[in-house]
Structures are given as structure tokens and as C-alpha cells.
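These are the residues of each chain, in order.
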Amino acid sequence: QVQLVESGGGFVLPGESLRLSCTASGLTLAHYHITWFRQAPGKEREGVSSVSSGVPVTVYTASVKGRFTISRDDAQNTAYLQMSNLKSEDTAVYYCAVRQGYDTNWSEVTLYPYWGQGTRVTVSS
């Protein structure tokens, strides 16, 4: 049974940092592309960042470039999202998701068969 478990969310002040983790079981993470999505209240789920399997190529949505860093530790079957200089607009539930295969549309939610349950991030003064 495949399971993805996110952790690391919380309540922080603007400008602070958080590191999210996504630990997989029931699959070998090294064989999958990993993407972090987020969903703010009343909004659609959006892709935040993705890292490919094999040689890790990373992509970011424009609003988080320079502030967020995605990484993966395949030996630990875990992926991370380091978030710095957090802003109120980063408030959302963050999900990790994994997929295989090649597709340039990394932020398309329908491409991902496996999802975590989400971890909430709240940025507020």
C-alpha cells in the first residue's frame, strides 16, 4: 500500500521559515517525480515545485522562486520543501504527490496517482 506522509507545517510569522517533509512508503521514491502542491482556502490546488527522478531537475512556480527549495533524499525515501521568507499568500495546505513518466506539465494534478494527506501552513502576523 502506497502512503505519502507530509509533516512540518505550522503557524509562522511573515519572513520566517519552515521545512516540509514528505516520507513515502510502499514505493521506491527514487523511481518517481515528486511535486509539492498547495491549496489555499477557496482556491484551486496549484503546483509549487517539482523535482524529477534520476538526475534531479527542479522547477518552481514563479511566486516561490528564490524563496523555496525542493530536494529529495532517495535513501530515506523522503522529499523536502524548504520555505524561506514566508508571506501571508503562502498560507495553504501543502501536499506532496508523486508520478512516473515524462510530461512537461508538471503541475497538472491529474497526472499524479499518489498524494499525501496534506500539512497546513499558516503565515500571519
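The structure we're discussing is the one just above.
Everything in this summary refers to the structure shown in the same document. (Residues numbered from 1 in each chain as written. Predicted model: local features only at pLDDT ≥ 70, side-chain atom pairs only at ≥ 80, totals over all residues. Heavy atoms only, no water.)

## Some details on the pairing of strand 4 (residues 33–39)
Right, so step 1: Across the seven residues that make up strand 4, a large majority, six, are buried.
Right, so step 2: Bridge count for strand 4 against strand 9 (residues 92–99) is seven bridges, and the pairing is antiparallel. Bridge pairing in strand 9 places Trp 36 opposite Cys 96.
Right, so step 3: Of the strand pairs in this sheet, strand 4 and strand 5 (residues 46–51) are connected by five bridges, and their pairing is antiparallel. By the bridge assignment, Trp 36 is partnered in strand 5 with Ser 49.
Right, so step 4: In this structure, the hairpin formed by strand 4 and strand 5 is closed by a connection of six residues, where Gly 42 is found at a positive phi of approximately 75 degrees. (Buried < 20%, exposed > 50% of the residue type's maximum accessible area, 1.4 Å probe, protein only. Helix = DSSP H or I, 4+ residues; strand = E, 2+ residues; numbered from the N terminus. Pairing = 2+ DSSP bridges.)

## What about the layout of surface pockets?
Right, so step 1: Roughly 220 Å³ of internal volume is contained in the largest pocket.
Right, so step 2: Lining the largest pocket, in full, are His 33, Ser 50, Ser 52, Val 57, Val 59, Arg 99, Gly 101, Tyr 102, Asp 103, Thr 104 and Trp 106.
Right, so step 3: The residue makeup of the lining of the largest pocket, split by class, is four nonpolar, five polar and two charged. (1 Å grid on protein atoms, 1.4 Å probe; cavity = no way out; pocket = protein on both sides within 12 Å on 5 of 7 lines; lining within 4 Å. Points joined across faces, edges and corners; volume = space filled by probe spheres on them. Nonpolar A, V, L, I, M, F, W, Y, C, P; charged D, E, K, R; others polar.)

By themselves these figures say nothing about function.
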